[in-house]
Amino acid sequence: MRHFTTALLLAASSSLFAQDVITWVDGTTTDRARVSDFNVIEIKWLGGGSSDKRSSDQVLDLSVAKVQETFKRGYAAKDQNAAETADMFLGVAREEMTKTPFLAQFGLWEAGKFLMEVGKEAEAFPIFDELMTKLPDSGFV
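Participant: Describe in detail the overall build of the protein chain, supporting the description with residues and values.
Facilitator: Of regular secondary structure, the protein chain possesses six helices and five strands. Across the 141 residues that make up the protein chain, the buried fraction comes to 36%. Considering only residue pairs separated by 6 or more positions, the protein chain has 43% of its internal contacts joining residues 24 or more positions apart. Approximately 8600 Å² of the protein chain is accessible, and the part contributed by carbon and sulfur atoms is 55%.

Right under this line is the structure:
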């Protein structure tokens with residue numbers, strides 16, 4: 001039982017210290033951050049004991065630990081270039097749509113982006129339309 005408790009504490013503490021990374025269009029990065037919002041106007045994050053925000057059009061790339069965790073099966077499928085990759089992202093994104101739109105936007109974006117990367121533009125565009133329609137304030141819009 002002691003080993004189980006220790007493993008559980010380690011897992012919980014590692015998720016507490018998981019960090020997000022924001023890559024800006026000027027090539028700089030902000031790491032050791034916790035992104036709290038990403039919408040069409042701005043990105044907000046906590047870091048270094050204080051909160052900060054910038055215009056979302058300055059974001060080149062965004063790695064959010066909670067997104068990686070939520071969509072881990074989708075990212076694993078993407079790494080293997082699996083045919084069901086888009087569906088793995090879409091299923092979770094649609095479940096998160098009403099309760100956590102912040103997370104849902106990443107699933108829709110990743111599904112559409114994957115389909116574009118594999119040359120299935122005709123399947124990708126309806127997903128991007130869904131993103132714009134259902135989450136019009138998304139940072140990806």
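Participant: Lay out the nonpolar core in plain terms, naming residues and giving numbers.
Facilitator: Formed by 31 residues in total, the largest nonpolar core has its most connected members in Ile 22, Val 35, Ile 43, Leu 62, Phe 106 and Leu 108. The element that contributes the greatest number of residues to this core is helix α5 (residues 101–117), accounting for eight residues. Setting aside anything within four residues of it in sequence, one finds Ile 43 in contact with Ile 22, Trp 24, Val 35, Asp 37, Phe 38, Asp 52, Lys 53, Arg 54, Ser 56, Val 59 and Leu 62.

Participant: An account of α5 is needed here, citing residue identities and associated values.
Facilitator: Its 17 residues give α5 an end-to-end C-alpha distance of 24 Å, which sits within 8% of 24 Å, the value for a rise of 1.5 Å per residue. Taken as a whole, α5 has its buried residues at Phe 102, Leu 103, Ala 104, Gln 105, Phe 106, Gly 107, Leu 108, Glu 110, Ala 111, Gly 112, Phe 114 and Leu 115. On the buried face of α5, the contacting elements are β2 (29–38), β5 (59–63), α2 (65–70), α3 (72–79), α4 (85–96) and α6 (121–134). After α5 finishes, the residue Gly 119 shows a positive phi value of roughly 80°.

Participant: Please provide a residue-by-residue account of the sheet that holds β5, values included.
Facilitator: Ordered by their spatial adjacency, five strands build an open sheet running β4-β3-β2-β1-β5, and the pairing between neighbours is antiparallel. A strand with exactly one partner marks an edge of an open sheet, and here the two such strands are β4 (50–55) and β5. The sheet shows a mean angle of 45° between the axes of neighbouring strands, taken without regard to direction. As paired elements, β2 and strand β3 (residues 42–47) share five bridges and run antiparallel to each other. Across the sheet, the residue bridging to Asp 37 is Lys 44, located in β3. Across the sheet, α5 touches β2 and β5, and the angle it forms with β2 is around 110°.

Participant: Any details on the pairing of β4? Residues and values, ideally.
Facilitator: As judged from the six bridges shared by β3 and β4, these two strands associate in the antiparallel manner. The partner of Glu 42 across the bridge, within β4, is Ser 55. Counting the residues that bridge the hairpin from β3 to β4 gives two residues, and of these Gly 48 lies at a positive phi of roughly 60°.

Participant: If you had to explain a nonpolar patch on the surface to someone new, which residues and values would you point to?
Facilitator: Residues Val 40, Ile 41, Met 132 and Val 141 make up a contiguous nonpolar surface patch of about 360 Å² in total accessible area. Positionally, Val 40 belongs in the loop between β2 and β3.

Participant: Got a sec to walk through the confidence of the model for the protein chain? Specific residues and values, please.
Facilitator: Here the protein chain averages 89 in pLDDT, and 87% of its residues register 70 or above. α6 holds the highest mean pLDDT among the elements of the protein chain, 98, whereas helix α1 (residues 2–16) holds the lowest, 43. Contacts for the low-pLDDT stretch residues 1–15, under 50 throughout, to residues beyond four places or in other chains number one contact.

Participant: If you had to explain the packing of aromatic side chains to someone new, which residues and values would you point to?
Facilitator: How two aromatic rings sit relative to each other is given by the distance of their centres and the angle of their planes. One pass over the full model with this rule turns up nine aromatic pairs. Seen in terms of ring centroids, Tyr 75 and Phe 89 are 5.0 Å apart; in terms of plane orientation they differ by 85°. Their pairing is edge-to-face. Taken together, the positions of Tyr 75 in helix α3 and Phe 89 in helix α4 put the pair 14 residues apart, joining distant regions of the chain. No difference in accessibility class separates Tyr 75 from Phe 89, as the two residues are buried. Look at Trp 109 and Phe 128: their rings are 5.5 Å apart centre to centre, the planes differ by 45°, and that puts the pair in the tilted class. Linking Trp 109 in helix α5 with Phe 128 in helix α6, this pair joins segments that are 19 residues apart in sequence. Its relative accessible area of 26% is what places Trp 109 among the partly exposed residues.

How each quantity is defined
- Residues numbered from 1 in each chain as written.
- Predicted model: local features only at pLDDT ≥ 70, side-chain atom pairs only at ≥ 80, totals over all residues.
- Heavy atoms only, no water.
- Helix = DSSP H or I, 4+ residues; strand = E, 2+ residues; numbered from the N terminus.
- Buried < 20%, exposed > 50% of the residue type's maximum accessible area, 1.4 Å probe, protein only.
- Contact = heavy atoms within 4.5 Å.
- Areas by Shrake-Rupley, 256 points an atom, 1.4 Å probe, with all protein chains shown as cover.
- Core = buried A, V, L, I, M, F, W, Y, C linked by side-chain atoms within 4.5 Å.
- Expected span 1.5 Å × (residues − 1).
- Pairing = 2+ DSSP bridges.
- Axes fitted to C-alpha atoms, helices over the stretch in contact; angles between N-to-C directions.
- Patch = residues over 30% accessible without salt bridge, like charges linked within 9 Å, V, L, I, M, F, W, Y side chains within 5 Å.
- Salt bridge = Lys/Arg side-chain N within 4 Å of Asp/Glu carboxyl O.
- pLDDT = per-residue confidence, 0-100.
- Phe/Tyr/Trp six-rings, centres within 6.5 Å; stacked < 30°, edge-to-face > 60°.

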